[in-house]
Amino acid sequence: MEENLSVVRKVNFELDQYIHNVFHEVQSRVYADGEGVLKEDKFTEYMLDQLSEASETEGMVVCNYVKPNERGNIEFKINGYAIRDGFETIDLFITLYRDTNELYNVKKTEFEDMIKYVTRFGNAAIKGYLDEIDPSHTAWSLAKIIRGNYKTFDRVNIFLLSNGNIPHDPPSNFRLKGFDELRFIFHIWDIERFHRLSQSKDNREPIEITFCEIYEEAVPCLKMPVDNEVYECYLAIVPGKILSILYDNYSTRLLESNVRAFLQQTGNINKGIRDTIRGERPYMFLPYNNGLAVTASEVETEIKDGQLLLRSVRDFQIVNGGQTTASLFHTEKKHKASLAQVYVQMKLTVIKDQELKNREVPNISKFANSQNKVSDLDLSSNHPFLQRLEQLSRTTYAIDPENHNKQTIWFFERVKGQYKELYNKEPTKNKQDAFKIRYPTDQKFVKSEIGKLMNTWKCLPYNVSLGAEKNYPKFMESVEKEFAKKQPGKVYYEDLIANAILFRKAEQLYGRKGKDPVGDTNIRSFVVTYSLSLLYYLTDHLMDLGKIWNEQRVSEGTQVEIYRLLQHVYQYLTSSQESLISEFARKKYCWEELIKLKYEINRENLTGCLLTPEEHAARYSEETGKIKEAEQYAQTEKLSQLGLAFWDGFSKWLLSRDDFSTIQKNFAANIKSKMFRLGTFSDTEIRQGLQLLQQFEKLEITSEYICSLSSYKDVKAINTAEIYHRISQLTDKDWQKIMDVGDQTKSLNFNDISVIRTVVKKLKQGEQIDFKRLSVINDCLDKVKKYGIKF
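Residues numbered from 1 in each chain as written. Predicted model: local features only at pLDDT ≥ 70, side-chain atom pairs only at ≥ 80, totals over all residues. Heavy atoms only, no water.

**Some details on the overall build of the chain**
Step number 1: The helix and strand tally for the chain stands at 33 helices and 17 strands.
Step number 2: When burial is assessed residue by residue, the chain has 52% of its 791 residues classed as buried.
Step number 3: Sequence-distant contacts, at least 24 apart, represent 74% of the contacts inside the chain between residues at least 6 apart.
Step number 4: Surface exposure of the chain reaches about 38200 Å², of which carbon and sulfur atoms provide 47%. (Helix = DSSP H or I, 4+ residues; strand = E, 2+ residues; numbered from the N terminus. Buried < 20%, exposed > 50% of the residue type's maximum accessible area, 1.4 Å probe, protein only. Contact = heavy atoms within 4.5 Å. Areas by Shrake-Rupley, 256 points an atom, 1.4 Å probe, with all protein chains shown as cover.)

Structure follows, in structure tokens:
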């Protein structure tokens with residue numbers, strides 16, 4: 001059978017949905033703000049919020065300025081800016097936005113124009129060509145600030161934003177003539193990269209698949225004949241092309257419940273899959289391959305010509321057979337092989353209870369037929385403890401010790417092969433380079449390392465010396481007890497990374513073969529874990545791991561002390577009467593005898609690196625998180641209780657004040673914007689806001705006067721809590737009915753429906769909704785209520 005390529009739609013389903021979401025978000029923001037608002041500005045505003053949440057920028061301001069030249073063409077343009085404290089860095093943003101809900105490619109000429117427009121603005125500002133900028137526009141004030149402070153800039157970040165795909169690489173060594181010392185660094189943030197950023201957050205929607213929408217061929221199945229309350233089970237024959245399309249679209253998201261990501265086509269099994277597909281008899285794939293084990297939360301079937309077919313599946317997860325799925329995709333893509341004759345058997349288990357699913361998925365992985373050998377390390381991948389660490393890993397930023405303006409992420413590879421697979425999915429070299437900057441390879445860590453690091457911290461070096469396969473299960477036993485009723489928090493994660501920094505530094509200090517090591521490099525692993533355990537033991541576990549996390553380095557004094565300990569432990573192990581040091585290190589009495597020896601820590605080396613008992617208790621108290629949360633809530637209340645009218649009037653009043661800095665004025669505008677959208681304040685915004693209020697209070701100007709300057713002083717108050725309660729009771733079917741009735745009766749227009757779509761999405765993801773959209777949604781419900789819809 002020939003493959004009908006015209007039927008296979010080359011669509012990335014999740015990206016396509018994300019583009020639609022962004023489109024409706026922009027439409028609803030424009031509608032909520034009223035007439036005269038540019039969609040490009042609302043897109044810029046929305047994406048700057050995303051970049052701020054990802055710590056890529058802060059204190060940003062939307063500033064749309066376009067200067068035409070004598071011919072009427074664009075001379076230069078910017079869409080926004082952000083100035084960091086101390087004027088070390090300035091961020092300039094330029095946007096290319098098309099009013100479409102479909103993916104498009106940014107042309108090379110358009111891309112080059114974006115760079116040309118924004119760098120021309122930077123050139124004019126730095127060189128003081130202020131007469132080229134309209135003095136009545138905010139951009140003039142920005143240019144004046146740049147001119148006055150450019151000598152303090154360490155770099156100028158140029159962010160190129162677009163709701164299209166940018167398949168081009170920016171200049172790598174751009175300089176302004178006459179200002180060679182000033183670095184310009186370009187950051188491409190197209191819709192695909194914003195989509196990947198959204199996927200890295202905690203709130204991921206489950207994968208939903210409607211088979212007829214992605215491929216012409218149906219998926220026949222058989223249902224288990226006996227029903228029960230726990231699960232349903234189906235056996236199906238799936239065209240290989242469907243699996244390739246799914247992997248192309250969802251990548252490792254399909255494998256979040258799998259024990260590992262794609263291991264590349266290096267193992268014998270994966271090579272066999274590839275060779276069968278490329279060989280003379282690809283139709284033999286079905287009898288040769290063990291197939292897939294898949295789980296889901298819901299399934300829809302239909303009957304056609306007497307045959308039961310799978311119609312759609314919700315929360316589709318491959319728990320066994322990830323290698324088969326990825327190999328199909330990679331073989332088709334890399335070797336241009338046809339999958340027309342390739343079919344795969346699939347066992348689909350629909351588990352009805354979410355808690356039961358978390359417990360049973362590892363068992364399904366464990367007992368399903370394995371093609372590649374699966375270790376106990378792999379089988380634990382779906383443990384809630386590890387899933388929580390992965391969430392923390394993707395959202396917790398660390399400073400670069402060499403450049404405090406740069407932030408990176410320690411990448412926890414919960415699923416084996418995850419890092420390489422995500423890297424390979426980046427479409428261009430520039431985006432692959434950006435991935436490695438964000439997730440440096442030397443900051444990648446795996447499950448077995450967690451067991452090694454934390455058991456060293458717990459002074460269990462004899463367990464660590466057993467090796468990963470034996471130490472890790474012992475560590476997970478302790479996890480079951482420690483985290484039976486709670487999840488690891490940010491302090492635990494920071495301690496984990498601090499331990500990684502210490503461990504890697506200790507390995508470096510020990511040295512390598514031929515590089516002046518402390519001793520025999522064959523026993524380095526034993527010496528390092530015992531040395532660090534001894535350090536923790538002798539300091540009563542008072543090492544300031546928070547300091548190591550914050551600085552992302554080990555102090556010189558601590559390094560000196562670690563080196564002394566390495567020498568001490570090496571001498572201890574090599575002078576023992578045991579015939580094999582490796583066996584001796586695995587015995588508990590090896591540790592017990594070591595701590596009996598007299599060894600004095602030189603505490604001068606650890607000055608500033610140890611906590612007091614009171615500081616230790618404060619850091620590790622279970623109430624600490626609650627106290628910090630309560631403090632942050634109280635601080636947020638100080639800002640929010642003043643109301644939108646105050647912050648709107650305050651931001652306007654500040655424009656004429658010379659006793660407040662530009663950065664302060666920007667943050668006031670940001671707080672006003674967050675108040676308008678009922679957004680969440682960042683730590684920096686809270687700190688800056690409180691400082692603003694403290695400085696304002698000294699001036700003895702009444703808040704009533706400030707509020708009188710606002711255009712929101714006459715805005716009708718709405719009961720947000722009541723509306724929240726009203727809309728939170730509605731189901732997906734209710735919302736769909738509201739939109740259908742509104743469309744059919746013409747009582748709701750396109751903008752109304754755009755607002756509804758964005759509000760529904762925000763409700764699902766637990767995001768806050770601005771009061772204008774709450775007001776719009778409330779009016780929408782009232783409009784359709786007269787047609788008999790009950791809420």
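**What about the nonpolar core?**
Step number 1: With 61 residues, the main nonpolar core has Leu 389, Trp 410, Ile 450, Phe 475, Tyr 493, Leu 535 and Leu 573 as its most contacted residues.
Step number 2: When residues in this core are grouped by element, the largest group, eleven residues, is from helix α18 (residues 490-510).
Step number 3: Non-local contacts of Phe 475, meaning those with residues more than four positions away in its chain, are made with Phe 385, Ile 450, Gly 451, Met 454, Asn 455, Lys 458 and Tyr 492.
Step number 4: Formed by 44 residues, the second largest nonpolar core is a distinct cluster that contains Phe 121, Ala 124, Ile 145 and Phe 179. (Core = buried A, V, L, I, M, F, W, Y, C linked by side-chain atoms within 4.5 Å.)

**A closer look at the environment of Val 344**
Step number 1: Relative to the assigned elements, Val 344 resides in strand β13 (residues 343-351).
Step number 2: Look at Val 344 and you get buried, because its relative accessible area is 1%.
Step number 3: In the structure, Val 344 is positioned 104 residues away from Gly 240 in sequence and 6.2 Å away in space, judged by C-alpha atoms.
Step number 4: Beyond its immediate chain neighbours, meaning those up to four positions away, Val 344 contacts Ala 236, Ile 237, Val 238, Leu 243, Phe 285, Leu 286, Asn 289, Gly 291, Leu 292, Thr 324 and Leu 328.

**Here we look at the sheet that holds strand β12 (residues 317-320)**
Step number 1: Reading across the sheet, the five strands line up as β7-β8-β13-β9-β12 and stay open at both edges, with mixed pairing between neighbours. The two strands at the open ends of the sheet, each matched to only one other strand, are β7 (221-223) and β12. This sheet shows a mean twist of 25° between the axes of neighbouring strands, independent of strand direction.
Step number 2: Note that β7 and strand β8 (residues 231-239) share three bridges and pair antiparallel. Counted as the bridge partner of Cys 221 is Ala 236 from β8.
Step number 3: Together, β8, β9 (292-296) and β13 form the strand contacts of helix α6 (residues 240-250), whose direction differs from that of β8 by roughly 105°.
Step number 4: Against the sheet, helix α9 (residues 322-335) touches β9, β12 and β13, its axis set at about 120° to β12. (Pairing = 2+ DSSP bridges. Axes fitted to C-alpha atoms, helices over the stretch in contact; angles between N-to-C directions.)

**Structural notes on the packing of aromatic side chains**
Step number 1: A complete count under the given rule lists 36 aromatic pairs for this structure.
Step number 2: Ring centres of Phe 646 and Trp 647 lie 5.4 Å apart, and the angle between their planes is 90°; this geometry places the pair in the edge-to-face category. With respect to burial, Phe 646 and Trp 647 carry one shared label: buried.
Step number 3: Look at Trp 647 and Phe 650: their rings are 5.6 Å apart centre to centre, the planes differ by 70°, and that puts the pair in the edge-to-face class. In this pair, Trp 647 and Phe 650 both sit in helix α26 (residues 644-654), three residues apart, roughly one turn of the helix. Here Trp 647 and Phe 650 have matching classes, each one buried.
Step number 4: Among the aromatic residues, those joined into a ring-pair cluster are Phe 646, Trp 647, Phe 650, Trp 653, Phe 660 and Phe 696. (Phe/Tyr/Trp six-rings, centres within 6.5 Å; stacked < 30°, edge-to-face > 60°.)

**Some thoughts on the side chain of Arg 394**
Step number 1: Checked against the element boundaries, Arg 394 lands in helix α12 (residues 384-395).
Step number 2: Polar contacts involving the side chain of Arg 394 include one to the main-chain carbonyl oxygen of Phe 412, which spans 3.1 Å. (Polar contact = N/O pair within 3.5 Å; in protein donor to acceptor, adjacent residues only side chain to side chain.)

**Side note on the pairing of strand β10 (residues 298-304)**
Step number 1: Strand direction decides the pairing type here: β10 and strand β11 (residues 307-314), joined by seven bridges, are antiparallel. Within the sheet, the bridge partner assigned to Glu 302 lies in β11 and is Leu 309.

**Here we look at the confidence of the model for the chain**
Step number 1: For the chain, the mean per-residue pLDDT works out to 84, and 87% of the residues sit at or above 70.
Step number 2: Considering only residues more than four positions removed or in separate chains, one finds that residues 1-10, a stretch of pLDDT under 50, has 16 contacts.
Step number 3: A low-confidence stretch, residues 259-266 stays under pLDDT 50, and its non-local contacts, those more than four residues away or across chains, total 49 contacts. (pLDDT = per-residue confidence, 0-100.)

**Some words on the packing of α18 against helix α19 (residues 524-538)**
Step number 1: Relative orientation of the contacting elements α18 and α19 amounts to 130°, with a least axis distance of 10 Å. On the basis of their axis angle, the class for α18 and α19 is oblique. In this structure, the crossing between α18 and α19 has a hand that is right-handed. Taken together, the residues of α19 that come into contact with α18 (itself represented by Asn 499, Leu 502, Phe 503, Ala 506, Glu 507 and Tyr 510) are Arg 524, Val 527, Val 528, Thr 529, Leu 532 and Tyr 536.
Step number 2: Residues of the contact of α18 with α19, tallied by class, amount to eight nonpolar, two polar and two charged. (Parallel < 35°, antiparallel > 145°, perpendicular 65-115°, else oblique. Left-handed = near helix turned anticlockwise from the far one by under 90°. Nonpolar A, V, L, I, M, F, W, Y, C, P; charged D, E, K, R; others polar.)

**Thoughts on the pattern of salt bridges**
Step number 1: Under the criterion given, the structure shown has 30 salt bridges.
Step number 2: A salt bridge links Glu 494 to Arg 619, with the shortest nitrogen-to-oxygen separation between them at 3.5 Å. With Glu 494 in helix α18 and Arg 619 in helix α24 (residues 613-620), this residue pair connects regions lying 125 residues apart in the sequence.
Step number 3: On the basis of relative accessible area, Arg 619 is assigned to the buried category, the value being 18%.
Step number 4: Ionic pairing is found between Arg 619 and Asp 495, a salt bridge with its closest N-O pair at 2.8 Å. Of this pair, Arg 619 sits in helix α24 while Asp 495 sits in helix α18, placing them 124 residues apart in sequence. One exposure class covers both Arg 619 and Asp 495, and it is buried. (Salt bridge = Lys/Arg side-chain N within 4 Å of Asp/Glu carboxyl O.)

**Comments concerning α26**
Step number 1: Here α26 lies mainly inside the structure; ten of its eleven residues are buried.
Step number 2: Listed in full, the buried residues belonging to α26 are Leu 644, Ala 645, Phe 646, Trp 647, Asp 648, Gly 649, Phe 650, Ser 651, Trp 653 and Leu 654.

**Focus: the packing of α26 against helix α28 (residues 683-697)**
Step number 1: The contact between α26 and α28 brings their axes to 13 Å, and the two run at 70°. It follows from the interaxial angle that α26 and α28 lie roughly perpendicular. Of α28, the residues touching α26 (which contributes Phe 646, Trp 647, Phe 650, Trp 653 and Leu 654) are Gly 689, Leu 692, Leu 693 and Phe 696.

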